[in-house]
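The lines below spell out each chain.
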Amino acid sequence: MGTRFDIACGRLPEAVLDLNFADAHPGLSNEQAALEADRCFYCYDAPCVEACPTDIDIPRFIKAIASDNLAGASKTILQSNILGGSCARVCPTEILCEQKCVHTAIEANHAVRIGALQRFATDWQMNQTTHPFQRAQSTGRRVAIVGAGPAGLACAHRLAMHGHDVTIFDRHEAPGGLNQYGVAAYKLADNFAQKEIDFLMSIGGIQFQGGAVLGQTITLADLRQSYHAVFLGIGLSGVRALGFENEGVEGVLDAVAFIEALRSSTLSEVPVGRRVVVIGGGNTAVDAAVQAKRLGAEEITLVYRRGPEHMSATSVEREWAQTNGVTVRFWASPHHLLTDQDAVQGICFSRGTPEGGYDPQDSFTLEADMVLKAIGQVFVPDPIQKDQILVENGRIVVDAHGRTSMPGVYAGGDCTAGEDLTVAAVRDGRDAAEAIHAELMASSVEKDANNG
Amino acid sequence: MADLRTVFAGIKSPNPFWLASAPPTDKEYNVRRAFQAGWGGVVWKTLGEDPPVVNLSSRYGALGFEGRRLIGLNNIELISDRPLATNIAEIKRVKREFPDRAVIVSLMVPCEEDKWKAILPIVEETGADGIELNFGCPHGMSERNMGAAVGQVPEYVEMVTRWCKQNTRMPVIVKLTPNVTNILMPARAARAGGADAVSLINTIQSVIGVDLDAMAPMPVVGGKGTHGGYCGPAVKPIALRMIGEIARDPTMAGIPISGIGGISNWRDSAEFLAMGAGSLQVCTAAMHYGFRIVEDMIDGLSNWMDGKGYERLDDVTGRAVSQFVPWNQLNMKFRTIADIDQDACVGCGLCHIACEDTSHQAISKRNGPDRRHYEVIEDECVGCNLCAHVCPVDDCITMVPQPVDGELTWPEHPSNPHRITA
């Protein structure tokens, strides 16, 4: 191909990078929030609530914003969803609450901006020095949580609120999980993930232990010994591979790793290719593509093997990519990588159709200095292999209360079945916390009865 | 094109839209702009004796509701605070320059015949078309035994009206205060005193709100507040009722009524006309949006009249009055039932919860696959209209009149222990 391999840091001046990674959708002003809140019909048995995995009482909090009761608005949100601030920023509201807003029945795409209003209310809370919830008297019960992502954090907060002592273990140095390491930086700008965790932890009774790797530095068996209950919010630690022999060449990266590096480093020190090809059709693909562009990549192509309607990224996400200078191509499946001296030079795709599959004879090649793979994340059961917890279809099996097949062990979030959404993880963590609380309280009552 | 030319108590104007006596008509500058914008007339802000009154800062308080500003406005301003001679000179100039417009001068002097005798010739000399007696101002001036203090005592209303009629050739319009138990008492007194017309309503005594930081009624003046006079869209229903009462009262028959009270658009205007008004006075709407609002009032009223086949204002004035009856005369056999247009329904549930919690449990709820489904339980529906009013979608819920079998009013109703038996 003759083109030189070109991956570099600092393609843009720092001031430009700062702008590119600033808040993608700044919060509403007081006036905007008041106008938007007044649009809400205050529906009875509102469809938006049903569409929210955490069942936030949306009409109630919007009414509270309209009446300038921001303490009430934020508490209404946070009592259902303690990560309501980050959910307000990262939720695909267009397929959740806002999709069901009755305003869309009057005019398509004119839902009340529920996410923006939620952010307005929770931002108010974040600027207070108080915590809206009080920790109950200590129960003396200890719960271990593995994974400091949204599921683990939500579980921890609810347990701490009920008076239990919680320790969260995570392989990373900082808590937050995908909020800290996996979401596009401009969605949670100004260090919001960390600020939200500080707020969440301020209830007390929660300890964080970083650098703890399940199956290596800690084991489930030990945790079960030392704690009264365990919650697993260990997410999806594996990524799918393209399956090419030469996939290990320089310039071919997992999008997840690319984003994690970006979120953990100074922007001017994140290497990015001049020409980047992202493979995949989900939010990770979009986040990787747009962030690569905003780091200064010249040409970004997102290639998805099927059509727009099949993408797991929403249409809003897809348009976000397209309006950010990402070329999106459909119906193309990676065929082989072009390499030179152990570095990627391009990637060849077979064209496909809904009816006929992919035709290796009908192909095209995209030159690339960097190929980011975002073709799916998978649950890796190795850390709990020995523990004989039931895993089906690649996810930990849990009942409606988050109970795994192993007594005293609960799980939730992406490592269990269901939508892989932050907001769903929060619900799982919260609900498992309630189930753990009920179990721990029942056992303490039994013990008290036996002692008496 | 409907003919909007107005002759009211002998006063001519090219359309029925007059600016009410208020801040917008305090000066030549404003009135000139108003006439240039198309207003048919003005009632000049109330003149009093010299030395002029002194006004306060601030002067207004406003009521908003769910994002709409100024659905009600309250003021604690007094009458014109400019010297009489200044106002008189300006009135004279404006009237000369706009001879086709109605210029009416609002007046308020103490309740002594000599005072009225003194001011009337001065006003008459301006060439003004008429006077309006301000018997309505409910704040400040009433504490000095003027304004509403006069308007609330029918004997005074009659007496002062008579003084004016005896001392001027100008038509006399008596502006009535709504701060009375029965509007007919001062209205009849005005007629007895020889009034050529009445105008109503003046503002309603009100405390518009409380500043919860200052812990004082609004508007807060140096840490304290006072009651003011309330006007704007929210007072329209009160005005319509009082106008209708006068219009249907046999002793008031034929007296011209200038309608005032929250008129904001052509539809309000048409409603005031229908309830008996022969001219219309506007203030809050102009204070909210400026004089240009008259354009749509003129245009909209004219278009509506064309659509209905009404050629002149007289065709509209009083047209609803004979249908404005005491409750006793309503047909108890009439019934409407709510009907929900399921295609228009957005599933907000407001009709259901309003009916369920506060009415007759006549709207059922079912959660369908795509949306909630609400249906009227016809046997339970009393036709109260509440669901139609709370529904956010225009024409989604309609009240369907049912076949009526004859007429039965309360005086004849079997359940009435005092019923009239044949």
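Here is what the cut-offs are and how they apply
- Residues numbered from 1 in each chain as written.
- Chains lettered and ligands numbered in written order.
- Predicted model: local features only at pLDDT ≥ 70, side-chain atom pairs only at ≥ 80, totals over all residues.
- Heavy atoms only, no water.
- Helix = DSSP H or I, 4+ residues; strand = E, 2+ residues; numbered from the N terminus.
- Rg over C-alpha atoms; globule rule 2.2 N^0.38 Å.
- Buried < 20%, exposed > 50% of the residue type's maximum accessible area, 1.4 Å probe, protein only.
- Contact = heavy atoms within 4.5 Å.
- Areas by Shrake-Rupley, 256 points an atom, 1.4 Å probe, with all protein chains shown as cover.
- Lys, Arg positive; Asp, Glu negative; His and termini not counted.
- Charge placed at Lys NZ, Arg CZ, Asp CG, Glu CD.
- 1 Å grid on protein atoms, 1.4 Å probe; cavity = no way out; pocket = protein on both sides within 12 Å on 5 of 7 lines; lining within 4 Å.
- Points joined across faces, edges and corners; volume = space filled by probe spheres on them.
- Domains from an automatic or database assignment.
- Buried area = accessible area lost by both parts, 1.4 Å probe.
- Salt bridge = Lys/Arg side-chain N within 4 Å of Asp/Glu carboxyl O.
- Polar contact = N/O pair within 3.5 Å; in protein donor to acceptor, adjacent residues only side chain to side chain.
- Patch = residues over 30% accessible without salt bridge, like charges linked within 9 Å, V, L, I, M, F, W, Y side chains within 5 Å.
- Phe/Tyr/Trp six-rings, centres within 6.5 Å; stacked < 30°, edge-to-face > 60°.
- Lys NZ or Arg CZ within 6 Å of the ring centre and 35° of its normal.
- Nonpolar A, V, L, I, M, F, W, Y, C, P; charged D, E, K, R; others polar.
- Pairing = 2+ DSSP bridges.
- Axes fitted to C-alpha atoms, helices over the stretch in contact; angles between N-to-C directions.
- Parallel < 35°, antiparallel > 145°, perpendicular 65-115°, else oblique.
- Left-handed = near helix turned anticlockwise from the far one by under 90°.

1. Details of the overall build of chain A
- When you go through chain A residue by residue, the secondary structure sums to 17 helices and 19 strands.
- Against the globule reference of 22 Å for 452 residues, chain A gives a C-alpha radius of gyration of 23 Å, in line with a compact fold.
- Along the first, second and third principal axes, the C-alpha atoms of chain A reach 80 × 55 × 45 Å.
- Burial statistics for chain A: of 452 residues in total, 54% are counted as buried.
- Across chain A, the fraction of contacts at a sequence separation of at least 24, relative to all contacts at a separation of at least 6, is 72%.
- Total accessible area computed for chain A in this model is approximately 19800 Å², and 46% of it derives from carbon and sulfur atoms.

2. Re the overall build of chain B
- Within chain B one finds 12 helices and 20 strands.
- For chain B, the C-alpha radius of gyration of 24 Å lies close to 22 Å, the compact-globule estimate for 422 residues.
- A fraction of 70% describes how many contacts in chain B between residues 6 or more apart in sequence connect residues 24 or more apart.
- Looking at chain B as shown, the accessible area adds up to about 19400 Å², and 51% of this sits on carbon and sulfur atoms.
- Separation of charge centres in chain B, based on 40 positive and 50 negative side chains, amounts to 5 Å.

3. Quick look at empty space enclosed by the protein
Residues and elements named next belong to chain B.
- Counting across every chain of the model gives 8 cavities of 30 Å³ or more.
- One number sums up the size of the largest cavity: a volume of about 450 Å³.
- Looking at the largest cavity, it is lined by 36 residues, and the ones nearest its centre are S21, A22, N75, N202 and T203.
- Those elements that place two or more of their residues in the lining of the largest cavity are β4 (41–47), β6 (68–75), β14 (228–231), β16 (279–282) and α9 (284–289).
- If one sorts the elements of the lining of the largest cavity by residue count, α9 sits on top with 3 residues.

4. Quick look at the domain arrangement of chain A
All names here are of chain A.
- The domain architecture assigned to chain A consists of domain 1 (30–126), domain 2 (142–237 + 379–451) and domain 3 (240–377).
- Each of domain 1 and domain 2 has a C-alpha centre, and the two are 27 Å apart.
- On the side of domain 2, 22 residues touch domain 1, which itself brings 22 residues to the contact.
- The three residues of domain 1 that bury the most area against domain 2 are I82, L83 and M126, which together make up 35% of that side's buried surface.
- Inspection of the domain 1/domain 2 interface yields 1 salt bridge.
- Where domain 1 packs against domain 2, one counts 6 residue pairs in polar contact (both at pLDDT 80 or more).
- Elements represented by at least two residues in the side of domain 1 that touches domain 2 include exactly α5 (70–80), α6 (84–90) and α9 (114–126).

5. A word on a nonpolar patch on the surface
All names here are of chain B.
- Taken together, the side chains of V207, V210, L212 and M215 make up a nonpolar region of the molecular surface, amounting to roughly 430 Å² of accessible area.
- Relative to the helices and strands, M215 resides in the loop between β12 (210–211) and β13 (216–217).
- Judged by relative accessible area, M215 falls into the exposed class, the value being 62%.

6. Some thoughts on the packing of aromatic side chains
- The full count for this structure, using the stated rule, is 8 aromatic pairs over all chains.
- Each member of the aromatic cluster is reached from another via a ring pair, and the members are F21, Y186 and W320 of chain A.
- Across the ring face of F324 of chain B, the terminal group of R248 of chain B is positioned such that the distance to the ring centre comes to 4.0 Å.

7. Re the domain arrangement of chain B
- Per the domain assignment, the segments making up chain B are domain 1 (6–323) and domain 2 (327–412).
- Relative to domain 2 of chain B, the C-alpha centre of domain 1 of chain B lies at a distance of 39 Å.

8. Observations regarding the interface of chain B and chain A
- On the chain A side, the residues contacting the 15 residues of chain B number 13 residues.
- Buried surface at the junction of chain B and chain A, both sides included, amounts to about 1100 Å², of which 56% is carbon and sulfur.
- Counting across the interface, chain B meets chain A through 4 salt bridges.
- The partner of R372 of chain B in a salt bridge is E50 of chain A, and the shortest N-O contact between them spans 3.1 Å.

9. Concerning a negative patch on the surface
- Taken together, D339, D341, D343, E378, D379, E380, D394 and D395 of chain B make up a surface patch of like negative charges.
- Take E378 of chain B: it is sitting in the loop between β19 (372–376) and α12 (386–390).

10. Some details on the layout of surface pockets
- Approximately 910 Å³ is the volume found for the second largest pocket.
- Lining of the second largest pocket is provided by 29 residues; of these, A34, D38 and A66 of chain A together with E66 and G67 of chain B occupy positions nearest its centre.
- Every element with two or more residues in the lining of the second largest pocket is listed here: α2 (30–39) and α4 (58–66) of chain A together with β5 (60–65) and β6 of chain B.
- The greatest single-element share of the lining of the second largest pocket, amounting to 8 residues, is contributed by α2 of chain A.
- Looking at the lining of the second largest pocket residue by residue, the class counts come to 17 nonpolar, 4 polar and 8 charged.

11. Section: the sheet that holds strand β12 (residues 332–340) of chain A
All names here are of chain A.
- Spatial strand order, β12-β13-β14: 3 strands in an open sheet with antiparallel pairing. Unpaired on one side and paired on the other, β12 and β14 (357–367) mark the two borders of the sheet. Each adjacent strand pair in this sheet contributes to an overall mean axis angle of 25 degrees, direction not counted.
- Two elements, β12 and strand β13 (residues 343–353), share 8 bridges in a ladder whose sense is antiparallel.

12. Considerations on the side chain of R318 of chain A
All names here are of chain A.
- By the secondary structure assignment, R318 is in helix α16 (residues 315–323).
- One buried charge, R318, has no salt-bridge partner; the nearest side chain with opposite charge is E319, at 4.6 Å.
- Apart from residues lying up to four places away in sequence, R318 is in contact with P308, M311 and F330.

13. Here we look at the packing of helix α8 (residues 266–274) of chain B against helix α10 (residues 293–308) of chain B
Residue and element names in this part refer to chain B.
- Running from amino to carboxyl end, α8 crosses α10 at an angle of 60 degrees, the nearest separation of the two axes being 8 Å. It follows from the interaxial angle that α8 and α10 lie oblique. Considering how the two elements wind past one another, α8 and α10 form a crossing that is right-handed. Facing W266, A270 and L273 of α8, the residues of α10 in contact are D296, M297, G300, L301 and W304.
- Here the contact of α8 with α10 is composed, by residue class, of 6 nonpolar, 1 polar and 1 charged.

14. Observations regarding the environment of S312 of chain A
- Tracing the chain through its elements places S312 of chain A in the loop between β10 (299–303) and α16.
- Here the alpha-carbon distance between S312 of chain A and A285 of chain A, two residues 27 residues apart in the chain, equals 9.9 Å.

15. Here we look at the sheet that holds strand β19 (residues 409–411) of chain A
Residues and elements named next belong to chain A.
- Taken in spatial order, the 5 strands make up an open sheet running β4-β3-β2-β5-β19, and their pairing is parallel. Strand pairing shows two members of the sheet lacking a second neighbour, β4 (206–209) and β19, which therefore form its edges. Taking each pair of neighbouring strands and ignoring which way they run, the sheet shows an average axis angle of 20 degrees.
- Relative to β19, strand β5 (residues 229–232) runs parallel, the two sharing 3 bridges.

16. Brief notes about the pattern of salt bridges
- Scanning all chains against the criterion turns up 46 salt bridges over all chains.
- The partner of E36 of chain A in a salt bridge is R39 of chain A, with the nearest N and O atoms 2.8 Å apart. With a gap of 3 residues between them, E36 of chain A and R39 of chain A both fall in helix α2, about one helical turn apart.
- Two residues, E77 of chain B and R59 of chain B, come together in a salt bridge whose shortest N-O distance is 2.9 Å.

17. Here's the deal with the pairing of β19 of chain B
All names here are of chain B.
- Most of β19 is tucked away, with 4 of its 5 residues classed as buried.
- Pairing geometry for strand β18 (residues 363–367) and β19, over 5 bridges, is antiparallel. Looking across to β19, one finds that R366 is bridged to H373.
- Between β18 and β19, which pair antiparallel and follow one another directly, the connecting turn spans 4 residues.

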